[in-house]
Amino acid sequence: MQLSDILNTTEVVLTPAQEQAGIGDTAISDITCDSRQVVQGALFIAVDGHTADGHDYIAQAFDKGAAAVLAQTIPQGVTRNQALRIVLSKDTRKDTAIVAANFFGHPSKDLVLVGITGTNGKTSITWLLEQIYQTCGITCGVIGTINIRYPGTTIDNPVTTPDAVCLQKTMHDMKLAGVTHVIMEVSSHSLDQHRVDGCDFNAAVFTNLTQDHLDYHDGFEDYFACKRALFTRYLLLFGDGPRGKAVINIDNEYGTRLADSLNLPVIRVSADREADIRAIDITDDIHGLRATLDFSGVHAPMTSVLTGRFNLENILCAAGAAFATGICPESIARGIAALERVPGRLEKLPTELNRHIFVDYAHTPDALESILKTLAGRAPARLITVFGCGGDRDRTKRGPMGVIACKYSDIAIVTSDNPRTEDPDAIVDEIIAGIRAQGFKQIDPDVSNTCEKGYIRMTDRAKALALGVRISKPQDIIVAAGKGHETYQITNAGTIHFDDKEHLTDACTNALTPRPWDLADLSNAIGCDAVTVWGQKTVTDAKRPVFKGISTDSRTISPDMIFLALAGEHFDGHTFIPDLAKKGIIVFVVRQGYLNTLDLNQKRLMDKPRVCFFEVPDTLAALGRLARYHRMRSNARVAALTGSNGKTSTRRMAEEIFSLHHDTLATQGNLNNEIGLPQTLLRLADIHEWAVVEMGMSNPGEIARLSAIAKPDIALITNTHGSHMQGLGSLDNVARAKAEIFKGLNPGGTAILFADDPRLEILVQGARENPTTGSVMLFGTQSKSDVRLSEINTTDHGITFSLDMDGHARQYTVPSPAAFMAFNAAAAAALAKAAGIDEIDIAQGLEAFVPVKGRMRLRHLDNGIHLIDDTYNANPCSMNQALQVLNRLAGSNRGIAVLGDMLELGDQTQLHHRQVGHLVAALSPAKLLLFGTQVAQVREGALEKGYPDAHIVMGSKQELAQTLKKSIKQENWVLIKGSRGMTMETLIPVLEEIPAERAD
């Protein structure tokens, strides 16, 4: 492009000498304001900036091949020929934008361009609007604080709105990439510095105006005037028609002023006032927002993961921008619901630690107050805020931000932000001066209690974030404010990598990391000394390394762990030891005699100074001893439970209750046997106050061994029924085996029993056989129960019931359709009562319970089918209960029962399956689908009691799947159940994939 074309519409005029020399005909290959980026044939624009003056680099630009220069003066030292190629401008900053637009072909004219301005909320609105456009299938690009992004490209953006050359080039590249809609954050600096000159906006959004950038602007009115310019100077004029539309948040006083002053189309949005777009029926909690968006009478229900009043205003602004650019209300609501997060904008971090942890970019008084007011009103427990103020910026906001942090937080930790060239401690001093002036108390974090309110000084931001996690308790909210998405910290020594999210995540991980092991710990736990591969004793002194844990899995072990070799029917961990030694594992727990099985070459390979072995008679027993040792050196107390049915649901309920105020470790999955229980206990960290663990069994003696490992402080038996009969022979033996849980009870511990259990006397006897048992509690419907259950009522979506504790009855709700869940809830409540937890927390924990996958979980599928997923396991009692639930929900002659074998029932297998068939006949579901071998007895039992043979299908899963697909048109309720080994859950996708019209 020729220079004269690039300068078109600017006020630049070539001198006669330049005209005569034909400077205007100079071919320009590129334009730049950065002399370092000058290429052969480029136009260099010399701009007098805040930190550097481009005029000082004109000679350098010519040396690098610049064809021409646009400048405000001709510097000394240039040659006559170079001076001839310097075109003078009255304001190169202003002309840069016009030159860039001309050079890149005015890309904004071919794009739908939305500009967003205001002090707070700009970035969140760009993410919301981007998601709305993407949900509609629109290809869009974003130019904002976090980055510049469009399909296939993401570019770091050091400022909110880039310089004019970058801006125009970016839109040009977006257009070439197929982008049709561009969303741009427009800062007051960019408006004042003419960076967006040459941009035609189809819509402009005003979010709010609060204190910020007063180090740059001459007061609020000057700041407001800059923002207003976006609406008065840049909204696109459509031919002879109206200008582009203004979208203005009138919940901000400056927004109202702006809307009333404009002579152009305005869409007013509001969270609580009459407006063109407003929110009604608002629900707002820690989990997100729900509301109805009212588009002047057209309603669209809306949900969002975002929370807080300020985010509702952001949502309305995004909705207004989308509506102004032609998106319908329903699509707007879908797009809002699809947004999962906004980076660094009240962004919740995923963590296993029971805390609500957020990072946010809030770095102004108003933004900080908005997020803290939002979080304080939703905090389940305390609010801990870690914040600071940036250096070389408006100092007047430091004291006010400190006061705001202390006003809304239980604990405010004052720290460094981006100190830049200032002393971080000096900035903290100014913040604290404002805090002290309002009388807030300084807290010593090492001696403070959970009720103390005030501030803590910790200038080192990394230590401040770690401290916030360390002093927190379950359900606390921790928010790190000021940096949000930033992954750096600007200091007087330069820019360093620093990410709040990384530091907080590491702090949570460290809190949940178990106490390490050394060789002395292993020797004390196992009861033997370490030896080398040649059998020589290893010294277990403090100089030996420490290890982060014990692993039995050769596939996932790391060099800083100890390998314990287990041997099973189909595997032997000892076979992996030579290879693991090569990979850096240096401590092994092995069976006695293992070292003698190694040949000379293997011993030489493992003859390293630090490699050692602990030889034990039984490595499985050693695993238990290690877990017991770790459990006893931890700070935690243990609540253990066993029983024929309801263990997992009871444990999950108890976990919900205990976790409200205690850091609680719980059994995961089915880790409840002699391998799983130790693995659970080995995860205990110093932060844990309670462990809630399940104990499963197949044979007598197993529960006793597990109880000896766990040493429970509270032990509970949910019930005794006909499970695991194969190894026990009778129901009385089942009860005796379950009662073994009390053998390991810690002195003074509590035994909890089911008062309605037919074998209660056996269980009581088992509890009393341990002379150190402190007390026995009962739960159930009997009047003698310490936790008495009554008034069980069921609905399609849950059960209600009453629990009477200490003479006080209270109503409870559990979101499960199964009435027997009330007994599990009573058991969990008894555990909590024994642990000293009050009724309010018990109620809150039970209401938070969600049935686990495969355990009487009711799912309402999108195609209209109602699924009762009880696929995790089955025994006679749970099978009867599940069939009763199906009958209650679907009614007789409706519903489909899909049943698999019940395993491990011993010589009573046929009897129990036949009895299930009798119940099927009595309840009369519309169809009975059977998979397995033992279910033949279910079929026989059903036929014996008159159930129609035509309603029974017995076959492979493929055959059952075909039957389901054919039968489901008229039957909306389906129960799927069988023992774990039958994997009945593989039939669930068949139901999920049935089209809605087939299920109609």
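Residues numbered from 1 in each chain as written. Predicted model: local features only at pLDDT ≥ 70, side-chain atom pairs only at ≥ 80, totals over all residues. Heavy atoms only, no water.

Novice: Teacher, can you tell me more about helix 30 (residues 876-890) here?
Specialist: Two residues of an α-helix separated by three or four positions point the same way, owing to the 3.6 residues in each turn. With 15 residues, helix 30 ought to run about 21 Å at 1.5 Å a step, and its terminal C-alpha atoms sit 21 Å apart, in line with that. All buried positions along helix 30 are accounted for by Pro-876, Cys-877, Ser-878, Met-879, Ala-882, Leu-883, Val-885, Leu-886, Leu-889 and Ala-890. Just downstream of helix 30 lies Gly-891, where phi reads positive at about 90°. (Helix = DSSP H or I, 4+ residues; strand = E, 2+ residues; numbered from the N terminus. Expected span 1.5 Å × (residues − 1). Buried < 20%, exposed > 50% of the residue type's maximum accessible area, 1.4 Å probe, protein only.)

Novice: Please explain helix 16 (residues 461-470) as it appears in this structure.
Specialist: Of the residues making up helix 16, those classed as buried are Arg-461, Ala-464, Leu-465, Leu-467, Gly-468 and Val-469. Elements in contact with the buried residues of helix 16: strand 18 (383-387), strand 19 (411-414), strand 20 (454-457), strand 21 (477-481), strand 22 (488-491) and helix 17 (500-511). Among the residues of helix 16, the N-terminal cap falls to Asp-460, whose side-chain oxygen and the backbone nitrogen of Ala-462 are separated by 3.0 Å. (Contact = heavy atoms within 4.5 Å. Polar contact = N/O pair within 3.5 Å; in protein donor to acceptor, adjacent residues only side chain to side chain.)

Novice: Explain unusual backbone geometry here, please?
Specialist: A negative phi angle is the norm for most residues apart from glycine, just as the trans form is the norm for most peptide bonds. The backbone of Asp-281 sits at a positive phi, close to 50°, despite the residue not being glycine. Among the structural elements, Asp-281 can be located in strand 13 (residues 277-285). Classification of Asp-281 by relative accessible area gives exposed; the value is 61%. Although it is not a glycine, Lys-711 sits at a positive phi angle of roughly 45°. Relative to the elements of secondary structure, Lys-711 occurs in the loop between helix 24 (702-710) and strand 31 (714-717). The exposure class assigned to Lys-711 is buried, which follows from its relative accessible area of 15%.

Novice: Even after reading the chapter, I still don't get the layout of surface pockets, so can you show me in this structure?
Specialist: To find leftover empty space, one rolls a probe the size of a water molecule over the atoms. In this model, the second largest pocket occupies a volume close to 1,500 Å³. Looking at the lining of the second largest pocket, the elements with two or more residues in it are helix 17, strand 24 (549-551), helix 22 (647-658), strand 29 (664-666) and helix 29 (839-848). For the lining of the second largest pocket, the element with the most residues is helix 22, which contributes four residues. Here the lining of the second largest pocket is built from residues that sort into 16 nonpolar, 20 polar and twelve charged. (1 Å grid on protein atoms, 1.4 Å probe; cavity = no way out; pocket = protein on both sides within 12 Å on 5 of 7 lines; lining within 4 Å. Points joined across faces, edges and corners; volume = space filled by probe spheres on them. Nonpolar A, V, L, I, M, F, W, Y, C, P; charged D, E, K, R; others polar.)

Novice: Please clarify how empty space enclosed by the protein should be interpreted in this entry.
Specialist: Counted under the stated rule, the structure contains one cavity of 30 Å³ or more. Along the walls of the largest cavity sit Leu-883, Leu-886, Asn-887, Ala-890, Gly-891, Arg-894, Val-920, Leu-923 and Pro-925, which together make up its complete lining. Elements that contribute at least two residues to the lining of the largest cavity include exactly helix 30 and helix 31 (909-923). No other element matches helix 30, which puts four residues into the lining of the largest cavity.

Novice: So what exactly am I meant to see when it comes to the packing of aromatic side chains here?
Specialist: What characterises a pair of aromatic rings is the spacing of the ring centres plus the angle enclosed by the ring planes. Summed over the entire model, instances satisfying the criterion amount to twelve aromatic pairs. Consider the rings of Trp-517 and Tyr-629, whose centres lie 5.7 Å apart with planes at 35°: the pair is tilted. With Trp-517 in the loop between helix 17 and helix 18 (519-526) and Tyr-629 in helix 21 (residues 619-633), this pair connects stretches of sequence that are 112 residues apart. Ring plane angle 20° and centroid distance 5.3 Å describe the contact between Phe-588 and Phe-613, whose orientation is recorded as stacked. Remark: Phe-613 occurs in strand 27 (residues 612-616) and Phe-588 occurs in strand 26 (residues 587-591); sequence separation between them is 25 residues. Classification of Phe-588 by relative accessible area gives buried; the value is 0%. Given a relative accessible area of 0%, Phe-613 falls into the buried group. Linked through ring pairs, Phe-563, Phe-588, Tyr-594 and Phe-613 together constitute an aromatic cluster. The ring of Tyr-488 is capped by Lys-483, whose NZ or CZ atom sits 5.3 Å from the centre of that ring. (Phe/Tyr/Trp six-rings, centres within 6.5 Å; stacked < 30°, edge-to-face > 60°. Lys NZ or Arg CZ within 6 Å of the ring centre and 35° of its normal.)

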